Amino acid sequence: MRRFLRFIGGVLLAIGGMFGLLLLLLYASRKTLIDWVLAEIGRSFSAQIQLRSIQLVTLHTFPNVGIRLYEPLFQSKRGDTLFSAQIVDLHFNLWEVLMRPTPYIRALTLIGPEVWIFYDRKGYSPWESVFDEKSQQTPSRKPSSMWALEKVRVRKGKLIYKDAKAGIHFCLFLARLEARVEGKGEELKIRGEGEGHIEYLKHHQGVWLRGQPFMIQGGLSQEEGWLVSSGLKLHLAGLALHLEGGIHTAVSPPELSLRIPSIELDLNYLHHWGIKVPVALAYSSGILRGEGTILGPAGRGKLPRLRLKAELSTDKPFSVEGYPFHRLYARGSLYWDLQMPAKSLLKIDTFFFAGGEHDTLRGRLTYGLLAPQLSSAFQAHIDLEALRFFSLPYGQNFSGKLSTQGEVSRDQKRWSISASGEMRKIRFPKGIIEEASFTMTPSQLNLQDLRLILETTQVHSPALRIQNYTRLWDTTAPPLHVTGKIFIPAFAYAPDTSQSSHLPWNGELEVKVETLYAMEQRYGPLHARFMKKNDTLKIDFLRLRGVGGGGLGGQGLFLPHLIYGEGEFDQIDLHQLSLQAPMLDTLFPLLRHLRGKANGRFRFSLPFQGEKLRWADAEAELTLKIRDLVVVESPYTYELFSIIPLTDFRRIEVGEVETRISLREGVIRTDTTWLRANRWIMRVSGAHTLQGELSYDLLVEVPRILLDKSPERTKALIEEAEGERVRLVVTVSGTTQKPLFHWKPARRVSPSKGRTPPLIEER
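Every value quoted in this text rests on a predicted model; they were computed, and no experiment measured them.

1. Some words on unusual backbone geometry
Reasoning step 1: Cis peptide bonds are those with omega within 30 degrees of zero, and the linkage from S252 to P253 qualifies with 0°.
Reasoning step 2: Examined against the element boundaries, P253 turns out to sit in the loop between β14 (239–248) and β15 (255–266).
Reasoning step 3: The step from G524 to P525 runs through a cis peptide bond, and the omega angle for that step is 0°.
Reasoning step 4: With respect to the secondary-structure elements, P525 resides in the loop between β30 (521–523) and β31 (526–533).
Reasoning step 5: The phi angle at E224 is positive, at roughly 50°, despite the residue not being glycine.
Reasoning step 6: Mapped onto the fold, E224 is located in the loop between β12 (206–223) and β13 (226–236).
Reasoning step 7: Residues other than glycine seldom take positive phi values, yet K425 does so here, at roughly 55°.
Reasoning step 8: The topology assignment puts K425 in strand β24 (residues 415–428).
Reasoning step 9: Residue K425 is classed as partly exposed on the basis of its relative accessible area of 44%.

Here it is in structure tokens:
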């Protein structure tokens, strides 16, 4: 037993001695080895190389020998950073180090490496001048004699790629990579796996990907200038991708020729891609399956072309916030080429959706990925509440039933829509469309049998045409033109400062309505132009026939606290006006008892406080010229002319009258106005308040012979004077409901001064 133990001890002592001798020899030649490594690195790369320190590592790498480089930094001749790392370990076989003058690097470990690959706007990359120009060495040519890699490990590495000419910026974080290498030179075979995440993938148009985790596994082999894939699999945020083919590395920039035999995308992961997807897809369960190719150069402002064919379908019904989705299905293709933006398209050959109770949507679509273009055809029977699940513009604001079919397209300038269909119970923020049928062309919207409720206003239009309707969302389009027939049973205007910008458009609107029915009266044609900007609505011109049987024209300005307007009117029938606008009785109590045709001009300024009109600060002015004026029987005429035995005071024919009426500080004033009827003349002036308080002065001149035949009570009012005519002064006070009349003789007019002729006689 003692002999055996002595033997074992001797063996161990011999091995230890040999190991010690090897270490002694290794450390004796370490300077030579380190100098050789630095020389080989310098010979292999034409770059500026910096190291914080370098040392020999043996114990934890035995039976291999390691050279550890601390914080290596490679820079181009002009100072561009190309590569950096925290630690780089080069592993050598111990026997080759001792026995060969030029040992091979068998393994490589990189900790915290960062590789920068970038091209400037001219397509130049500093990597082109990194390799030794004398040996004409390039990345695709035979490697240096020092490399015979068998293992590669990477920990916490980064790859930063930037192509200024293509507008691409890409950053990949590699948490872990393990790879085995077989062969040498042109017959390398690499197999391994790695994982990490894509920090970002940007284009000058925006961010395409951000923070997407990935895992890659498979093999690569180098064959006559090609890097060929063998079963390469990529998993990226619910995307499973298989790649076959290769990369031609012998050309610059490298040429990709890859086939994608299968691609699968779990719909549950769509929202991880940073793409704004419809809510319905984000909550659905299903798979997108397809195949495709990746072809073309990568670098110097160029990116490979991507072509895919895919089919998407949900595997079972689902619901979102209570809305049931029965099925989603789509089939299409994608072609992406940064060099040809106009041909980079997403085509959906077939799309089908079924949900709700009886909602269906069928269609096809072509969408420009890099150029703003879109075209589609559709057929839909849908409750508009479903639109919010597809993230469509304004989809949150509408509800109701829509049946339609048509086509939609968009180029660089504007949308174009052609469609027809029916609407029922369409609710939007300010009203509801009870029902309507419609046809749309790119420039015109035709509505038939439209029944619309806007807050407190009801509108019925048997036929309505809206030209340039895209102005509702496109302020650069021509002004809207609205023509047709409209029934409006009631008008309502209630300005509200908190909702002063509720009108859905900014721009110009021109309205031409053949027939307008409002408050059971017929008007038209109506012609007006509205211009709205922010809180200001301006009426540039307005022409409306049928107001009192005549026409009205003018312009106005609507502000949150003020309405201003001015204009003119002609051939207004006073009797029809009183019937159409009974609210005018408060302003003009005698209006209902007048007959005749009126022409004139007007202006007004109406300030508001909240929803209330501040009458005390309101101002208005009205200039009137009335033809064929007749005053019919009224309490005013009966009381006024009861002392004058006219032939018939039930109908007093006045003739032509001109006057001016103004509103200020809550008082309506009438300028001096001359009236003449039968054989008498009257001068009227005075005012009344909005509360109906009267204060008028009337100067009446009648033939004496009429008063001579009058009752005894009138003789007391007559002063003896020369001439055949006498004058009476009448004051009117009280209220519009109870007017009070007071008569007295007028002062005798001096013969030298003469009598002031009435205005009516001057004309």
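Still more ground to cover, so stick around.
2. Considerations on the packing of aromatic side chains
Reasoning step 1: Overall, the coordinates contain five aromatic pairs when judged by the stated rule.
Reasoning step 2: Look at F602 and F604: their rings are 6.2 Å apart centre to centre, the planes differ by 10°, and that puts the pair in the stacked class.
Reasoning step 3: A network of ring pairs unites the aromatic residues F569, F602 and F604 as a single cluster.
Reasoning step 4: Cation over ring: K202 sits above Y200, and NZ or CZ is 4.7 Å from the ring centre.

3. Comments concerning the environment of P525
Reasoning step 1: Judged by relative accessible area, P525 falls into the partly exposed class, the value being 48%.
Reasoning step 2: Once the C-alpha coordinates of P525 and K485 are considered, the two residues, 40 residues apart in sequence, prove to be 9.0 Å apart.
Reasoning step 3: In contact with P525, not counting residues within four places along its chain, are V513, E514, R543, L544 and R545.

4. A word on the environment of G550
Reasoning step 1: Take G550: it is sitting in strand β33 (residues 550–559).
Reasoning step 2: On the accessibility criterion, G550 (0% relative accessible area) is buried.
Reasoning step 3: Filtering out sequence-adjacent residues up to four positions away, G550 remains in contact with L544, R545, D570, Q571 and I572.

5. Some details on a nonpolar patch on the surface
Reasoning step 1: Residues L38, I49 and L51 make up a contiguous nonpolar surface patch of about 200 Å² in total accessible area.
Reasoning step 2: The topology assignment puts L38 in helix α2 (residues 30–44).
Reasoning step 3: The class of L38 is partly exposed, set by a relative accessible area of 36%.

6. Some thoughts on the pattern of salt bridges
Reasoning step 1: With the rule as written, the count across this model stands at 28 salt bridges.
Reasoning step 2: Across the pair R176 and E195 runs a salt bridge, and its minimum N-O distance is 3.7 Å. Taken as a pair, R176 in strand β10 (residues 168–182) and E195 in strand β11 (residues 189–203) lie far apart in primary sequence, 19 residues in all.
Reasoning step 3: With relative accessibility at 33%, the residue E195 sits in the partly exposed group.
Reasoning step 4: Across the pair E701 and R727 runs a salt bridge, and its minimum N-O distance is 3.8 Å. Residue E701 is found in strand β41 (residues 694–703), and its partner R727 is found in strand β42 (residues 725–734); the two are separated by 26 residues along the sequence.
Reasoning step 5: Here E701 falls in the buried class, since its relative accessible area comes to 10%.
Reasoning step 6: Put simply, E510, K512, R529 and D540 are held in one network by salt bridges that share partners.

7. As for the nonpolar core
Reasoning step 1: Within the largest apolar cluster, 84 residues are counted, with the highest numbers of intra-cluster contacts made by M423, F438, L447, L516, L629 and V654.
Reasoning step 2: If you tally residues by element for this core, the top one is strand β37 (residues 619–632), at six residues.
Reasoning step 3: Beyond its immediate sequence surroundings of up to four residues, V654 is in contact with L629, V631, L675, R676 and A677.
Reasoning step 4: V65, I198, L232 and I294 belong to the second largest nonpolar core, which has 44 residues in total.

8. A closer look at the pairing of strand β6 (residues 87–93)
Reasoning step 1: Burial within β6 is extensive, with six of its seven residues counted as buried.
Reasoning step 2: In this structure, β6 lies alongside strand β7 (residues 105–111), joined through six bridges in antiparallel fashion. Bridging from a neighbouring strand, D89 pairs with T109 of β7.

9. Overview of the pairing of strand β32 (residues 536–547)
Reasoning step 1: Here β31 pairs with β32 via eight bridges, running antiparallel. What sits directly across from F530, in β32, is I539.
Reasoning step 2: Both β32 and β33 contribute to a ladder of eight bridges, which runs antiparallel. Each bridged residue has a counterpart across the sheet, and for R543 the counterpart in β33 is G553.
Reasoning step 3: Turn length for the β32-β33 hairpin, with the two strands adjacent in sequence and antiparallel, is two residues, and the turn residue G548 shows positive phi of about 60°.

Each value, and the rule that gives it
Residues numbered from 1 in each chain as written. Predicted model: local features only at pLDDT ≥ 70, side-chain atom pairs only at ≥ 80, totals over all residues. Heavy atoms only, no water. Helix = DSSP H or I, 4+ residues; strand = E, 2+ residues; numbered from the N terminus. Buried < 20%, exposed > 50% of the residue type's maximum accessible area, 1.4 Å probe, protein only. Phe/Tyr/Trp six-rings, centres within 6.5 Å; stacked < 30°, edge-to-face > 60°. Lys NZ or Arg CZ within 6 Å of the ring centre and 35° of its normal. Contact = heavy atoms within 4.5 Å. Patch = residues over 30% accessible without salt bridge, like charges linked within 9 Å, V, L, I, M, F, W, Y side chains within 5 Å. Areas by Shrake-Rupley, 256 points an atom, 1.4 Å probe, with all protein chains shown as cover. Salt bridge = Lys/Arg side-chain N within 4 Å of Asp/Glu carboxyl O. Core = buried A, V, L, I, M, F, W, Y, C linked by side-chain atoms within 4.5 Å. Pairing = 2+ DSSP bridges.

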